[in-house]
Amino acid sequence: MDPRVQQFMAMIKAKNPGELEFHQAVQEVSESLIPFIEENPRYKHAKILERMAEPERTIIFRVPWLDDKGEIQINRGFRIEMNSAIGPYKGGLRFHPTVNLGILKFLAFEQVFKNSLTTLPMGGAKGGSDFDPKGKSDNEVMRFCQSFMTELFRHIGPDTDVPAGDIGVGGREIGYLFGQYKRLKNEFTGVLTGKGIEWGGSLIRPEATGYGATYFAQEMLATRGDSLAGKTVCISGSGNVAQYAAEKMTELGATVVTLSDSNGFIYDPKGIDAQKLRYVMELKNIKRGRIKEYAEKFGVEYYEGKRPWVIKCDIAMPNATQNEIDGEDARLLVKNGCKCVTEGANMPCTPEAVEVFLNAGILYGPGKAANAGGVATSGLEMTQNSMRLPWSREEVDSRLRTIMKNIHTTCVKYGTRHDGFINYVDGANIGGFVKVADAMIAQGVV
Ligand code: NDP
(Lines give C-alpha, C1' and ligand atoms only; values in the text may rest on other atoms or scores of the structure.)
Protein backbone atom coordinates (compact mmCIF):
# COMPACT_ATOMS: atom_id res chain seq x y z
CA MET A 1 0.00 0.00 0.00
CA ASP A 2 1.11 3.58 -0.74
CA PRO A 3 2.73 4.79 2.54
CA ARG A 4 0.70 8.04 2.37
CA VAL A 5 -2.52 6.02 2.27
CA GLN A 6 -1.21 3.82 5.08
CA GLN A 7 -0.52 6.87 7.26
CA PHE A 8 -3.92 8.38 6.53
CA MET A 9 -5.68 5.10 7.26
CA ALA A 10 -3.83 4.68 10.56
CA MET A 11 -5.34 8.01 11.65
CA ILE A 12 -8.84 7.00 10.43
CA LYS A 13 -8.67 3.63 12.23
CA ALA A 14 -7.45 5.19 15.47
CA LYS A 15 -10.26 7.76 15.40
CA ASN A 16 -13.02 5.34 14.39
CA PRO A 17 -12.19 2.03 16.08
CA GLY A 18 -14.12 -1.07 15.03
CA GLU A 19 -15.93 0.62 12.12
CA LEU A 20 -14.68 -1.85 9.53
CA GLU A 21 -16.98 -0.93 6.64
CA PHE A 22 -16.19 2.74 7.16
CA HIS A 23 -12.44 1.97 7.04
CA GLN A 24 -12.99 -0.02 3.84
CA ALA A 25 -14.90 2.79 2.11
CA VAL A 26 -12.43 5.49 3.16
CA GLN A 27 -9.44 3.41 2.13
CA GLU A 28 -10.83 2.76 -1.34
CA VAL A 29 -11.45 6.46 -1.86
CA SER A 30 -8.11 7.54 -0.43
CA GLU A 31 -6.23 5.17 -2.76
CA SER A 32 -7.68 7.12 -5.68
CA LEU A 33 -7.55 10.54 -4.05
CA ILE A 34 -4.25 10.80 -2.21
CA PRO A 35 -2.14 10.71 -5.41
CA PHE A 36 -4.56 13.23 -7.00
CA ILE A 37 -4.38 15.51 -3.95
CA GLU A 38 -0.56 15.39 -4.05
CA GLU A 39 -0.76 16.76 -7.58
CA ASN A 40 -3.26 19.43 -6.48
CA PRO A 41 -1.79 20.82 -3.25
CA ARG A 42 -4.60 23.29 -2.56
CA TYR A 43 -6.74 20.32 -1.53
CA LYS A 44 -3.92 19.07 0.68
CA HIS A 45 -3.40 22.40 2.45
CA ALA A 46 -7.13 22.74 3.09
CA LYS A 47 -7.17 19.18 4.59
CA ILE A 48 -10.24 18.39 2.52
CA LEU A 49 -10.02 14.60 2.72
CA GLU A 50 -9.46 14.69 6.50
CA ARG A 51 -12.51 16.93 6.85
CA MET A 52 -14.64 14.80 4.53
CA ALA A 53 -13.92 11.71 6.65
CA GLU A 54 -15.44 13.37 9.73
CA PRO A 55 -19.27 13.66 9.73
CA GLU A 56 -20.58 17.20 10.17
CA ARG A 57 -23.07 15.78 12.66
CA THR A 58 -23.97 12.33 14.04
CA ILE A 59 -27.32 11.79 15.74
CA ILE A 60 -28.02 8.60 17.71
CA PHE A 61 -31.32 8.11 19.49
CA ARG A 62 -33.59 5.66 21.30
CA VAL A 63 -36.63 4.33 19.40
CA PRO A 64 -39.12 2.70 21.79
CA TRP A 65 -42.31 1.16 20.40
CA LEU A 66 -45.06 -1.29 21.39
CA ASP A 67 -45.35 -4.59 19.52
CA ASP A 68 -48.66 -6.34 18.80
CA LYS A 69 -48.47 -8.20 22.12
CA GLY A 70 -48.24 -4.90 23.98
CA GLU A 71 -44.59 -5.49 24.84
CA ILE A 72 -42.10 -2.61 24.75
CA GLN A 73 -39.35 -2.94 22.11
CA ILE A 74 -36.29 -0.72 21.98
CA ASN A 75 -34.28 -0.01 18.85
CA ARG A 76 -31.52 2.44 18.04
CA GLY A 77 -31.97 5.20 15.46
CA PHE A 78 -29.20 7.02 13.57
CA ARG A 79 -28.72 9.90 11.18
CA ILE A 80 -25.23 10.69 9.89
CA GLU A 81 -25.13 14.15 8.33
CA MET A 82 -21.84 13.82 6.51
CA ASN A 83 -21.39 16.81 4.24
CA SER A 84 -23.52 19.80 3.21
CA ALA A 85 -21.00 21.69 1.05
CA ILE A 86 -23.04 21.45 -2.16
CA GLY A 87 -26.62 21.13 -0.89
CA PRO A 88 -28.92 19.90 1.88
CA TYR A 89 -27.99 16.51 3.34
CA LYS A 90 -29.48 13.72 1.26
CA GLY A 91 -29.37 9.94 1.62
CA GLY A 92 -31.48 6.92 2.49
CA LEU A 93 -32.65 5.25 5.67
CA ARG A 94 -31.84 1.57 6.21
CA PHE A 95 -33.85 -0.67 8.55
CA HIS A 96 -31.95 -3.92 9.04
CA PRO A 97 -30.75 -5.80 12.15
CA THR A 98 -27.09 -5.43 11.06
CA VAL A 99 -27.26 -1.61 11.03
CA ASN A 100 -24.60 0.06 13.17
CA LEU A 101 -22.62 3.29 13.23
CA GLY A 102 -19.77 2.00 11.04
CA ILE A 103 -22.10 0.77 8.28
CA LEU A 104 -24.05 4.02 8.19
CA LYS A 105 -20.85 6.09 8.18
CA PHE A 106 -19.55 4.12 5.18
CA LEU A 107 -22.85 4.68 3.38
CA ALA A 108 -22.93 8.39 4.25
CA PHE A 109 -19.32 8.84 3.13
CA GLU A 110 -20.00 7.17 -0.23
CA GLN A 111 -23.18 9.20 -0.59
CA VAL A 112 -21.24 12.49 -0.61
CA PHE A 113 -19.29 11.45 -3.73
CA LYS A 114 -22.30 9.86 -5.40
CA ASN A 115 -24.52 12.89 -4.93
CA SER A 116 -21.81 15.14 -6.28
CA LEU A 117 -21.47 12.94 -9.38
CA THR A 118 -25.16 13.45 -10.19
CA THR A 119 -24.36 17.21 -10.58
CA LEU A 120 -27.51 18.00 -8.57
CA PRO A 121 -27.23 20.21 -5.46
CA MET A 122 -27.30 17.52 -2.76
CA GLY A 123 -25.03 16.96 0.23
CA GLY A 124 -24.54 13.49 1.70
CA ALA A 125 -26.15 11.65 4.63
CA LYS A 126 -27.41 8.23 5.66
CA GLY A 127 -29.48 6.93 8.53
CA GLY A 128 -31.59 4.10 9.78
CA SER A 129 -32.07 1.64 12.57
CA ASP A 130 -31.30 -1.89 13.70
CA PHE A 131 -35.06 -2.54 13.48
CA ASP A 132 -35.93 -5.61 11.37
CA PRO A 133 -39.17 -5.12 9.40
CA LYS A 134 -39.16 -8.80 8.44
CA GLY A 135 -41.93 -10.73 10.17
CA LYS A 136 -43.49 -7.57 11.63
CA SER A 137 -47.14 -6.65 11.06
CA ASP A 138 -48.05 -3.45 9.19
CA ASN A 139 -49.17 -1.96 12.51
CA GLU A 140 -45.84 -2.75 14.15
CA VAL A 141 -43.93 -1.20 11.24
CA MET A 142 -46.17 1.88 11.49
CA ARG A 143 -45.66 2.27 15.24
CA PHE A 144 -41.92 1.88 14.81
CA CYS A 145 -41.79 4.47 11.99
CA GLN A 146 -43.85 6.92 14.05
CA SER A 147 -41.53 6.57 17.03
CA PHE A 148 -38.44 6.89 14.80
CA MET A 149 -39.77 10.09 13.22
CA THR A 150 -40.77 11.52 16.61
CA GLU A 151 -37.07 12.10 17.22
CA LEU A 152 -35.78 12.46 13.65
CA PHE A 153 -38.22 15.24 12.66
CA ARG A 154 -36.29 17.89 14.61
CA HIS A 155 -33.11 17.24 12.59
CA ILE A 156 -34.51 17.16 9.04
CA GLY A 157 -36.42 19.43 6.67
CA PRO A 158 -36.79 20.13 2.93
CA ASP A 159 -33.88 22.61 2.99
CA THR A 160 -31.85 20.83 5.71
CA ASP A 161 -31.82 17.08 5.32
CA VAL A 162 -34.03 14.98 3.04
CA PRO A 163 -34.00 11.21 3.78
CA ALA A 164 -35.17 8.48 1.37
CA GLY A 165 -35.45 4.67 1.35
CA ASP A 166 -32.77 1.97 1.37
CA ILE A 167 -32.74 -1.66 2.54
CA GLY A 168 -35.93 -2.35 4.49
CA VAL A 169 -37.38 1.09 3.75
CA GLY A 170 -39.73 1.16 0.77
CA GLY A 171 -42.98 2.91 -0.10
CA ARG A 172 -44.82 1.60 2.97
CA GLU A 173 -42.22 2.89 5.44
CA ILE A 174 -41.79 6.24 3.66
CA GLY A 175 -45.58 6.69 3.93
CA TYR A 176 -45.63 6.12 7.69
CA LEU A 177 -42.57 8.34 8.21
CA PHE A 178 -44.01 11.15 6.09
CA GLY A 179 -47.38 10.97 7.86
CA GLN A 180 -45.74 11.38 11.25
CA TYR A 181 -43.48 14.22 10.09
CA LYS A 182 -46.48 16.10 8.69
CA ARG A 183 -48.36 15.64 11.92
CA LEU A 184 -45.49 16.87 14.08
CA LYS A 185 -44.54 19.87 11.92
CA ASN A 186 -47.99 20.73 10.57
CA GLU A 187 -46.56 21.25 7.10
CA PHE A 188 -46.68 19.42 3.78
CA THR A 189 -43.19 19.61 2.27
CA GLY A 190 -40.77 17.50 0.29
CA VAL A 191 -38.95 16.34 3.42
CA LEU A 192 -38.65 12.75 2.22
CA THR A 193 -38.25 11.28 -1.25
CA GLY A 194 -39.68 8.01 -2.51
CA LYS A 195 -43.17 9.27 -1.64
CA GLY A 196 -46.33 7.83 -3.19
CA ILE A 197 -47.30 9.34 -6.50
CA GLU A 198 -50.54 10.80 -5.10
CA TRP A 199 -48.74 12.76 -2.38
CA GLY A 200 -45.65 14.32 -3.91
CA GLY A 201 -43.69 11.34 -5.24
CA SER A 202 -41.96 11.31 -8.60
CA LEU A 203 -42.71 8.92 -11.42
CA ILE A 204 -39.75 6.56 -12.01
CA ARG A 205 -38.33 7.03 -8.48
CA PRO A 206 -39.01 3.39 -7.49
CA GLU A 207 -37.45 2.21 -10.76
CA ALA A 208 -34.55 4.69 -10.82
CA THR A 209 -31.71 2.83 -9.09
CA GLY A 210 -32.18 -0.40 -11.05
CA TYR A 211 -32.82 1.42 -14.34
CA GLY A 212 -29.87 3.74 -13.75
CA ALA A 213 -27.44 0.89 -13.01
CA THR A 214 -28.61 -0.76 -16.24
CA TYR A 215 -28.09 2.45 -18.24
CA PHE A 216 -24.62 2.69 -16.70
CA ALA A 217 -23.81 -0.86 -17.89
CA GLN A 218 -25.02 0.14 -21.35
CA GLU A 219 -22.65 3.11 -21.36
CA MET A 220 -19.70 0.98 -20.18
CA LEU A 221 -20.36 -1.69 -22.82
CA ALA A 222 -20.60 1.00 -25.52
CA THR A 223 -16.96 2.00 -24.82
CA ARG A 224 -16.07 -1.45 -26.19
CA GLY A 225 -18.56 -1.33 -29.05
CA ASP A 226 -20.84 -3.75 -27.22
CA SER A 227 -24.44 -3.70 -25.96
CA LEU A 228 -26.81 -5.49 -23.60
CA ALA A 229 -28.56 -7.44 -26.36
CA GLY A 230 -28.22 -11.18 -25.92
CA LYS A 231 -26.24 -10.95 -22.66
CA THR A 232 -26.80 -13.28 -19.71
CA VAL A 233 -27.10 -11.41 -16.41
CA CYS A 234 -26.78 -12.65 -12.83
CA ILE A 235 -28.56 -10.38 -10.36
CA SER A 236 -28.46 -10.73 -6.58
CA GLY A 237 -31.20 -9.45 -4.30
CA SER A 238 -34.90 -9.35 -5.10
CA GLY A 239 -35.82 -6.01 -3.53
CA ASN A 240 -36.35 -2.60 -5.03
CA VAL A 241 -33.07 -2.30 -6.95
CA ALA A 242 -32.98 -5.92 -8.16
CA GLN A 243 -36.57 -5.89 -9.42
CA TYR A 244 -36.22 -2.83 -11.63
CA ALA A 245 -32.74 -3.78 -12.79
CA ALA A 246 -34.22 -7.09 -13.96
CA GLU A 247 -37.06 -5.24 -15.69
CA LYS A 248 -34.79 -2.84 -17.61
CA MET A 249 -32.15 -5.46 -18.46
CA THR A 250 -34.88 -7.66 -19.97
CA GLU A 251 -36.43 -4.73 -21.83
CA LEU A 252 -33.04 -3.95 -23.39
CA GLY A 253 -32.57 -7.49 -24.67
CA ALA A 254 -30.58 -9.22 -21.91
CA THR A 255 -31.62 -12.43 -20.12
CA VAL A 256 -31.68 -12.27 -16.32
CA VAL A 257 -31.16 -15.75 -14.89
CA THR A 258 -30.84 -15.27 -11.11
CA LEU A 259 -32.38 -13.42 -8.17
CA SER A 260 -31.71 -13.95 -4.48
CA ASP A 261 -32.58 -13.01 -0.93
CA SER A 262 -30.71 -13.52 2.32
CA ASN A 263 -31.67 -17.22 2.32
CA GLY A 264 -30.49 -18.28 -1.14
CA PHE A 265 -30.85 -17.79 -4.90
CA ILE A 266 -32.97 -19.08 -7.78
CA TYR A 267 -31.55 -19.98 -11.20
CA ASP A 268 -33.92 -19.71 -14.14
CA PRO A 269 -31.88 -20.45 -17.30
CA LYS A 270 -34.79 -19.46 -19.58
CA GLY A 271 -34.84 -15.99 -18.08
CA ILE A 272 -36.97 -14.05 -15.61
CA ASP A 273 -39.32 -12.43 -18.13
CA ALA A 274 -41.86 -9.66 -17.51
CA GLN A 275 -44.59 -12.04 -16.39
CA LYS A 276 -42.34 -13.90 -13.93
CA LEU A 277 -41.07 -10.57 -12.64
CA ARG A 278 -44.64 -9.50 -11.87
CA TYR A 279 -44.88 -12.59 -9.70
CA VAL A 280 -41.62 -11.62 -7.90
CA MET A 281 -42.91 -8.09 -7.28
CA GLU A 282 -46.10 -9.36 -5.76
CA LEU A 283 -44.22 -12.01 -3.73
CA LYS A 284 -41.73 -9.49 -2.33
CA ASN A 285 -43.65 -6.22 -2.11
CA ILE A 286 -47.10 -7.44 -1.09
CA LYS A 287 -46.92 -10.98 0.30
CA ARG A 288 -43.43 -10.36 1.70
CA GLY A 289 -42.47 -13.97 0.95
CA ARG A 290 -39.14 -15.69 0.20
CA ILE A 291 -37.48 -16.08 -3.24
CA LYS A 292 -37.54 -19.85 -2.76
CA GLU A 293 -41.25 -19.72 -3.63
CA TYR A 294 -40.28 -18.67 -7.19
CA ALA A 295 -38.46 -21.97 -7.64
CA GLU A 296 -41.52 -23.90 -6.48
CA LYS A 297 -43.88 -21.87 -8.70
CA PHE A 298 -41.81 -22.07 -11.92
CA GLY A 299 -40.03 -25.39 -11.36
CA VAL A 300 -36.44 -24.09 -11.37
CA GLU A 301 -33.43 -24.70 -9.12
CA TYR A 302 -33.11 -23.04 -5.72
CA TYR A 303 -29.73 -22.88 -3.96
CA GLU A 304 -30.16 -22.50 -0.21
CA GLY A 305 -27.52 -20.41 1.58
CA LYS A 306 -25.64 -19.64 -1.68
CA ARG A 307 -25.00 -16.52 -3.77
CA PRO A 308 -25.55 -16.38 -7.54
CA TRP A 309 -21.92 -15.81 -8.58
CA VAL A 310 -21.35 -19.50 -9.33
CA ILE A 311 -23.59 -19.18 -12.40
CA LYS A 312 -21.93 -18.40 -15.74
CA CYS A 313 -22.84 -14.92 -16.98
CA ASP A 314 -21.70 -12.00 -19.13
CA ILE A 315 -22.80 -9.36 -16.63
CA ALA A 316 -22.92 -9.51 -12.83
CA MET A 317 -25.14 -7.09 -11.01
CA PRO A 318 -24.87 -7.24 -7.22
CA ASN A 319 -28.05 -5.58 -5.93
CA ALA A 320 -28.35 -6.85 -2.34
CA THR A 321 -25.80 -5.60 0.19
CA GLN A 322 -22.18 -4.72 1.03
CA ASN A 323 -19.35 -7.25 0.55
CA GLU A 324 -21.51 -9.83 -1.21
CA ILE A 325 -18.83 -10.58 -3.85
CA ASP A 326 -15.50 -11.67 -2.39
CA GLY A 327 -12.20 -12.42 -4.10
CA GLU A 328 -13.13 -16.05 -4.74
CA ASP A 329 -16.51 -15.10 -6.26
CA ALA A 330 -14.76 -12.51 -8.44
CA ARG A 331 -12.18 -15.01 -9.73
CA LEU A 332 -14.95 -17.46 -10.58
CA LEU A 333 -16.98 -14.77 -12.39
CA VAL A 334 -13.95 -13.76 -14.49
CA LYS A 335 -13.07 -17.40 -15.20
CA ASN A 336 -16.64 -17.98 -16.38
CA GLY A 337 -16.37 -15.12 -18.88
CA CYS A 338 -18.02 -12.23 -17.02
CA LYS A 339 -17.17 -9.00 -18.90
CA CYS A 340 -18.99 -6.39 -16.90
CA VAL A 341 -19.94 -5.74 -13.27
CA THR A 342 -22.40 -2.95 -12.51
CA GLU A 343 -23.14 -2.31 -8.84
CA GLY A 344 -26.74 -1.59 -7.88
CA ALA A 345 -25.83 -2.11 -4.23
CA ASN A 346 -23.39 0.00 -2.20
CA MET A 347 -19.87 -1.47 -1.86
CA PRO A 348 -21.02 -5.01 -2.75
CA CYS A 349 -17.49 -6.06 -3.79
CA THR A 350 -14.68 -6.58 -1.30
CA PRO A 351 -11.38 -4.78 -2.04
CA GLU A 352 -9.93 -8.11 -3.19
CA ALA A 353 -12.82 -8.61 -5.62
CA VAL A 354 -12.36 -5.12 -7.05
CA GLU A 355 -8.67 -5.85 -7.57
CA VAL A 356 -9.53 -9.06 -9.42
CA PHE A 357 -11.87 -7.17 -11.78
CA LEU A 358 -9.41 -4.34 -12.41
CA ASN A 359 -6.51 -6.75 -13.00
CA ALA A 360 -8.65 -8.75 -15.43
CA GLY A 361 -9.38 -5.52 -17.31
CA ILE A 362 -13.15 -6.06 -17.34
CA LEU A 363 -15.71 -3.26 -17.11
CA TYR A 364 -16.28 -2.55 -13.43
CA GLY A 365 -18.79 0.15 -12.46
CA PRO A 366 -18.62 0.98 -8.72
CA GLY A 367 -21.85 1.75 -6.86
CA LYS A 368 -21.20 5.42 -6.31
CA ALA A 369 -21.40 5.91 -10.06
CA ALA A 370 -23.56 2.99 -11.23
CA ASN A 371 -26.33 3.26 -8.63
CA ALA A 372 -26.48 7.07 -8.47
CA GLY A 373 -29.68 7.06 -10.54
CA GLY A 374 -31.72 6.50 -7.37
CA VAL A 375 -30.57 9.58 -5.55
CA ALA A 376 -30.52 11.57 -8.80
CA THR A 377 -34.21 10.88 -9.25
CA SER A 378 -34.75 11.76 -5.60
CA GLY A 379 -33.15 15.08 -6.52
CA LEU A 380 -35.65 15.37 -9.38
CA GLU A 381 -38.46 14.61 -6.89
CA MET A 382 -37.19 17.49 -4.72
CA THR A 383 -37.24 19.81 -7.73
CA GLN A 384 -40.82 18.82 -8.60
CA ASN A 385 -41.86 19.31 -4.96
CA SER A 386 -40.34 22.79 -4.92
CA MET A 387 -42.06 23.72 -8.17
CA ARG A 388 -45.26 21.95 -7.05
CA LEU A 389 -45.44 20.50 -10.55
CA PRO A 390 -45.05 16.81 -11.47
CA TRP A 391 -43.16 15.72 -14.58
CA SER A 392 -44.27 12.91 -16.89
CA ARG A 393 -42.70 9.45 -16.82
CA GLU A 394 -40.91 10.16 -20.09
CA GLU A 395 -39.50 13.43 -18.82
CA VAL A 396 -38.08 11.88 -15.62
CA ASP A 397 -36.72 8.83 -17.45
CA SER A 398 -35.03 10.98 -20.06
CA ARG A 399 -33.41 13.14 -17.34
CA LEU A 400 -32.28 9.96 -15.56
CA ARG A 401 -30.68 8.65 -18.77
CA THR A 402 -28.90 11.94 -19.33
CA ILE A 403 -27.62 12.01 -15.74
CA MET A 404 -26.27 8.43 -16.03
CA LYS A 405 -24.60 9.31 -19.31
CA ASN A 406 -23.00 12.38 -17.74
CA ILE A 407 -21.79 10.39 -14.72
CA HIS A 408 -20.21 7.95 -17.14
CA THR A 409 -18.53 10.81 -19.00
CA THR A 410 -17.14 12.15 -15.70
CA CYS A 411 -15.73 8.71 -14.85
CA VAL A 412 -14.10 8.50 -18.27
CA LYS A 413 -12.64 12.00 -17.83
CA TYR A 414 -11.02 11.28 -14.47
CA GLY A 415 -10.48 7.52 -14.75
CA THR A 416 -8.87 6.92 -18.16
CA ARG A 417 -5.33 5.59 -17.79
CA HIS A 418 -2.44 6.17 -20.18
CA ASP A 419 -3.07 2.79 -21.84
CA GLY A 420 -6.73 3.72 -22.48
CA PHE A 421 -8.21 1.47 -19.77
CA ILE A 422 -11.02 3.20 -17.87
CA ASN A 423 -10.64 2.78 -14.13
CA TYR A 424 -14.16 3.70 -13.03
CA VAL A 425 -13.13 3.54 -9.35
CA ASP A 426 -10.66 6.40 -9.76
CA GLY A 427 -13.02 8.16 -12.15
CA ALA A 428 -15.93 8.14 -9.69
CA ASN A 429 -13.82 9.00 -6.65
CA ILE A 430 -11.97 11.91 -8.24
CA GLY A 431 -14.98 13.11 -10.27
CA GLY A 432 -17.16 13.14 -7.13
CA PHE A 433 -14.47 14.78 -5.01
CA VAL A 434 -13.60 17.88 -7.04
CA LYS A 435 -16.95 19.67 -6.81
CA VAL A 436 -17.31 19.07 -3.06
CA ALA A 437 -13.68 20.01 -2.39
CA ASP A 438 -13.93 23.27 -4.34
CA ALA A 439 -17.14 24.18 -2.50
CA MET A 440 -15.51 23.45 0.86
CA ILE A 441 -12.55 25.65 0.03
CA ALA A 442 -14.86 28.47 -1.07
CA GLN A 443 -16.83 28.21 2.19
CA GLY A 444 -13.79 28.49 4.44
CA VAL A 445 -12.89 26.41 7.47
CA VAL A 446 -16.34 25.03 8.33
P1 NDP B 1 -34.51 -3.88 -0.38
O2 NDP B 1 -34.72 -3.94 1.06
O3 NDP B 1 -35.66 -3.53 -1.27
O4 NDP B 1 -33.91 -5.26 -0.93
C5 NDP B 1 -32.72 -5.78 -0.42
C6 NDP B 1 -32.47 -7.14 -1.03
O7 NDP B 1 -31.18 -7.58 -0.66
C8 NDP B 1 -33.43 -8.19 -0.52
O9 NDP B 1 -33.64 -9.16 -1.50
C10 NDP B 1 -32.68 -8.74 0.69
O11 NDP B 1 -33.06 -10.06 1.05
C12 NDP B 1 -31.27 -8.74 0.17
N13 NDP B 1 -30.34 -8.60 1.31
C14 NDP B 1 -30.31 -7.61 2.22
N15 NDP B 1 -29.35 -7.82 3.14
C16 NDP B 1 -28.77 -8.98 2.77
C17 NDP B 1 -27.70 -9.74 3.30
N18 NDP B 1 -27.05 -9.34 4.40
N19 NDP B 1 -27.35 -10.89 2.65
C20 NDP B 1 -28.01 -11.28 1.53
N21 NDP B 1 -29.04 -10.61 0.99
C22 NDP B 1 -29.40 -9.48 1.60
O23 NDP B 1 -33.30 -2.85 -0.60
P24 NDP B 1 -32.85 -2.08 -1.91
O25 NDP B 1 -33.14 -2.89 -3.11
O26 NDP B 1 -33.37 -0.71 -1.82
O27 NDP B 1 -31.27 -1.96 -1.68
C28 NDP B 1 -30.35 -2.94 -2.16
C29 NDP B 1 -28.96 -2.34 -2.24
O30 NDP B 1 -28.98 -1.20 -3.12
C31 NDP B 1 -28.39 -1.80 -0.92
O32 NDP B 1 -26.99 -1.97 -0.93
C33 NDP B 1 -28.70 -0.31 -0.99
O34 NDP B 1 -27.84 0.45 -0.18
C35 NDP B 1 -28.44 -0.06 -2.47
N36 NDP B 1 -29.06 1.14 -3.01
C37 NDP B 1 -30.41 1.33 -2.95
C38 NDP B 1 -30.97 2.45 -3.49
C39 NDP B 1 -32.45 2.64 -3.55
O40 NDP B 1 -32.87 3.59 -4.23
N41 NDP B 1 -33.26 1.83 -2.93
C42 NDP B 1 -30.14 3.53 -4.06
C43 NDP B 1 -28.74 3.19 -4.16
C44 NDP B 1 -28.23 2.04 -3.63
P45 NDP B 1 -33.99 -10.28 2.36
O46 NDP B 1 -35.35 -9.85 1.94
O47 NDP B 1 -33.87 -11.72 2.66
O48 NDP B 1 -33.40 -9.41 3.44
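Conventions and cut-offs
- Residues numbered from 1 in each chain as written.
- Predicted model: local features only at pLDDT ≥ 70, side-chain atom pairs only at ≥ 80, totals over all residues.
- Heavy atoms only, no water.
- Salt bridge = Lys/Arg side-chain N within 4 Å of Asp/Glu carboxyl O.
- Helix = DSSP H or I, 4+ residues; strand = E, 2+ residues; numbered from the N terminus.
- Buried < 20%, exposed > 50% of the residue type's maximum accessible area, 1.4 Å probe, protein only.
- Axes fitted to C-alpha atoms, helices over the stretch in contact; angles between N-to-C directions.
- Parallel < 35°, antiparallel > 145°, perpendicular 65-115°, else oblique.
- Contact = heavy atoms within 4.5 Å.
- Nonpolar A, V, L, I, M, F, W, Y, C, P; charged D, E, K, R; others polar.
- Phe/Tyr/Trp six-rings, centres within 6.5 Å; stacked < 30°, edge-to-face > 60°.
- Lys NZ or Arg CZ within 6 Å of the ring centre and 35° of its normal.

S.K.: I would appreciate a short explanation of the pattern of salt bridges in the present structure.
M.R.: Once the charged atoms of two side chains with opposite charge are near each other, the side chains can pair. A full pass over the atoms with the stated rule returns 29 salt bridges. Between R331 and E352 there is a salt bridge whose closest N-O contact spans 3.1 Å. Of the two residues, R331 is situated in helix α12 (residues 327-335) and E352 in helix α13 (residues 351-360); the sequence distance between them amounts to 21 residues. According to the relative accessible area criterion, E352 is partly exposed, its value standing at 41%. Residues participating in the shared-partner salt-bridge network are E28, E110 and K368.

S.K.: I tried to follow the packing of helix α5 (residues 101-117) against helix α17 (residues 424-442) on my own but got confused; where do I start?
M.R.: The relative placement of two packed helices comes down to the angle between their axes together with the axis-to-axis distance. α17 packs onto α5 with a crossing angle of 80 degrees between their chain directions and a minimal axis gap of 8 Å. In terms of orientation, α5 and α17 fall into the roughly perpendicular class. Contact residues: α5 offers V112, F113, S116 and L117, while α17 offers A428, N429, G431, G432, F433, K435 and V436. By residue class, the composition of the contact of α5 with α17 is six nonpolar, four polar and one charged.

S.K.: When you look at the packing of aromatic side chains in this model, what are you seeing that I'm missing?
M.R.: Any pair of aromatic rings gets described here by the distance separating the centres and the angle formed by the planes. A full pass over the atoms with the stated rule returns 23 aromatic pairs. Between F216 and Y424, the aromatic rings sit 5.8 Å apart at their centres with planes inclined by 75 degrees, giving edge-to-face as the arrangement. With F216 in helix α8 (residues 205-222) and Y424 in helix α17, the pair connects residues that are 208 residues apart, well separated along the chain. Each member of the pair, F216 as well as Y424, carries the same accessibility label: buried. Following the ring pairs from residue to residue traces out a cluster consisting of F61, W65, F95, F131, F144 and F148. Above the face of the F22 ring, K105 is positioned so that its terminal group lies 4.6 Å from the ring centre. Seen from the ring of W391, R399 lies directly overhead, with NZ or CZ sitting 4.1 Å from the centre.

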